[in-house]
Amino acid sequence: MKTSIPFLATLLLLYNFSFGQENFKKIDSIIKDNYQKNPGLGISVGFIQNDKENFTAYGKLSKESQIDINEKSLFEIASITKILTSNLIAQAVLENKIKLDDYIDNYLPKVYVLHENLKNKIKISDLASHQSGLPDLDFGKLIEINVQQPLNSVNENSLTTLVNNSTQLIDYGKYRYSTIGYTLLGQILETVYGKSYDAIITQKIIEPLKLKTTLTKKYSVKNKTVGHSPEGVNQEFLNWNVTAPAGLIKSNAFDMITYLKAVLNKETTIGKAAIITEKIFYKDEKREMGLAVNISTSDGDTIYLKSGDSMGESSIICYSRTKNWGIILLLNQRNSKLRQDMLNVIYGTILK
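No experiment lies behind these values; they were computed from the predicted model shown.

### A few points about the sheet that holds strand E1 (residues 43-49)
Right, on to step 1. Within the open sheet, the eight strands sit side by side as E2-E1-E12-E11-E10-E9-E8-E7. Their pairing is antiparallel. Looking at strand neighbours, the two that pair on one side only are strand E2 (52-58) and strand E7 (282-283), the edges of this open sheet.
Right, on to step 2. Where strand E10 (residues 301-309) meets strand E11 (residues 314-320), seven bridges bridge the pair, whose relative direction is antiparallel. By the bridge assignment for E11, Gly308 is matched with Ser315.
Right, on to step 3. Contacts from helix H8 (residues 253-263) reach E1, E2, E11 and strand E12 (325-331) within the one sheet, and its direction differs from that of E1 by about 25°.

Set out below in structure tokens:
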């Protein structure tokens, strides 16, 4: 009997759908188990495999709320903002506005006057892969000043002073996580586009993807979660001000899965830009780094991931281009260990 190509395609589609559904049932079971062990926690999870989207959520918007969290509940994604910023940098590369190996000197606002030892030294890719050697914010001291809003004391003047007073890059070429690096990348974007970071990310990511609950400076919405410290203290959403490109964005599982869908599609502008960010720009015995994304390769599969922690919430995004899946985990408590443990179990037992 001769089997038609359309029939085989239909069978493959049904298989992929069934496979994705089965995987998500297992993921949901893991999330539910962790919620039951941490009943005060709110969790929202989105999963996409072969373009099929699934969502699950447990808990309430806050300890005082009776409203259930769902896939459209607003969370801080914090440093996951950095992969959006790096995607914007890669889009600028695609538009021939910058090159990744360009030195940052000519792209920074004129208020920056780099020391002679730093001139024509730091590349755009160095900032984006956390190896610029520039000093960074001391979050410990900032938290001592204001535990709810530690970034309130960081402004344009303190930022330029920090950079302009730097005379040496003591660990240039070595990995050191940097908020300042992504702040400067945002300012480089503002230079090349002649617009605010807020306007750029809105125009190039939020509006094209119709992300209705991915917000920047204004985020007073009804379905907003309340974050909690590890001790259970209510935490305000952070005001990122000048450091916006490093952690500004608030979003939800629904919108982040929409973003991942674009990332996994090589034909979209965002997907083409993501491929640029996935190139290895830094490697040592502990890690491989693209532009903002951590890269892990094993058993013929490569996954890309980025975590985010605010003062009161934790999140992580992860995807495999090879196996065509992506996942976002959002917690309304700062708990990086639980977030990572859940992802490790999901990947190790289901997605690997």
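Here the narrative resumes, following the displayed structure.
### As for the pairing of strand E9 (residues 294-298)
Right, on to step 1. Bridge analysis of strand E8 (residues 288-289) against E9 gives two bridges, and the strand direction is antiparallel. Across the sheet, Glu288 pairs through a bridge with Ile295, a residue of E9.
Right, on to step 2. What sits between the antiparallel neighbours E8 and E9 is a turn of four residues, in which Ala292 has the positive phi angle 80°.
Right, on to step 3. Two strands pair when backbone bridges link them, and E9 and E10 are joined in this way by five bridges, in the antiparallel orientation. Across the sheet, Ser298 pairs through a bridge with Asp301, a residue of E10.
Right, on to step 4. Where E9 folds back onto E10 in an antiparallel hairpin, the turn is made up of two residues, including Asp299, whose phi is positive at roughly 50°.

### Re the confidence of the model for the chain
Right, on to step 1. Per-residue confidence for the chain gives a mean pLDDT of 93; residues scoring 70 or more make up 94%.
Right, on to step 2. When the criterion is pLDDT under 50, residues 7-15 qualifies, and its contacts beyond four places in sequence or with other chains add up to one contact.

### Regarding the nonpolar core
Right, on to step 1. Formed by 74 residues in total, the largest nonpolar core has its most connected members in Ile124, Ile205 and Tyr259.
Right, on to step 2. Looking at this core element by element, the count peaks at eight residues for helix H6 (residues 179-193).
Right, on to step 3. Residues Phe47, Met342, Leu343 and Leu351 belong to the second largest nonpolar core, which totals 24 residues.

### What about helix H7 (residues 197-206)?
Right, on to step 1. All of the buried residues in H7 are Tyr197, Ile200, Ile201, Lys204, Ile205 and Ile206. Along the axis of H7, the buried positions cluster into a sector of 155°, meaning they face one direction only.
Right, on to step 2. Elements that come into contact with the buried residues of H7 comprise helix H2 (81-94), H6, H8 and helix H9 (269-277).

### Comments concerning the side chain of Ser320
Right, on to step 1. Looking at the secondary structure, you find Ser320 in strand E11.
Right, on to step 2. Note on Ser320: relative accessible area 0%, which makes it buried.
Right, on to step 3. Within the structure, the side chain of Ser320 is placed 2.8 Å from the side chain of Asp301, a separation counted as a polar contact.
Right, on to step 4. Apart from the residues within four sequence positions on either side, Ser320 is in contact with Leu264, Asp301, Thr302, Ile303 and Trp325.

### Side note on the environment of Leu127
Right, on to step 1. Mapped onto the secondary structure, Leu127 falls in helix H3 (residues 124-128).
Right, on to step 2. With a relative accessible area of 1%, Leu127 lands in the buried category.
Right, on to step 3. Between the C-alpha atom of Leu127 and that of Arg321, which follows or precedes it by 194 residues, the distance is 25 Å.
Right, on to step 4. When neighbours within four sequence positions are excluded, Leu127 is seen to be in contact with Ile104, Ile122, Ser132, Leu134, Gly181, Tyr182, Leu184, Leu185 and Ile188.

### Some remarks on the packing of H2 against H7
Right, on to step 1. Packing of H2 against H7 leaves a shortest axis separation of 11 Å and a crossing angle of 75°. Accordingly, the angle class assigned to the pair H2 and H7 is roughly perpendicular. Between H2, through Thr81, Leu84, Thr85, Asn87, Leu88 and Gln91, and H7, the contact on the second element is made entirely by Tyr197, Ile200, Ile201, Lys204 and Ile205.
Right, on to step 2. In the contact of H2 with H7, the residues fall into six nonpolar, four polar and one charged.

Conventions adopted
- Residues numbered from 1 in each chain as written.
- Predicted model: local features only at pLDDT ≥ 70, side-chain atom pairs only at ≥ 80, totals over all residues.
- Heavy atoms only, no water.
- Pairing = 2+ DSSP bridges.
- Helix = DSSP H or I, 4+ residues; strand = E, 2+ residues; numbered from the N terminus.
- Contact = heavy atoms within 4.5 Å.
- Axes fitted to C-alpha atoms, helices over the stretch in contact; angles between N-to-C directions.
- pLDDT = per-residue confidence, 0-100.
- Core = buried A, V, L, I, M, F, W, Y, C linked by side-chain atoms within 4.5 Å.
- Buried < 20%, exposed > 50% of the residue type's maximum accessible area, 1.4 Å probe, protein only.
- Arc of directions from axis to C-beta.
- Polar contact = N/O pair within 3.5 Å; in protein donor to acceptor, adjacent residues only side chain to side chain.
- Parallel < 35°, antiparallel > 145°, perpendicular 65-115°, else oblique.
- Nonpolar A, V, L, I, M, F, W, Y, C, P; charged D, E, K, R; others polar.

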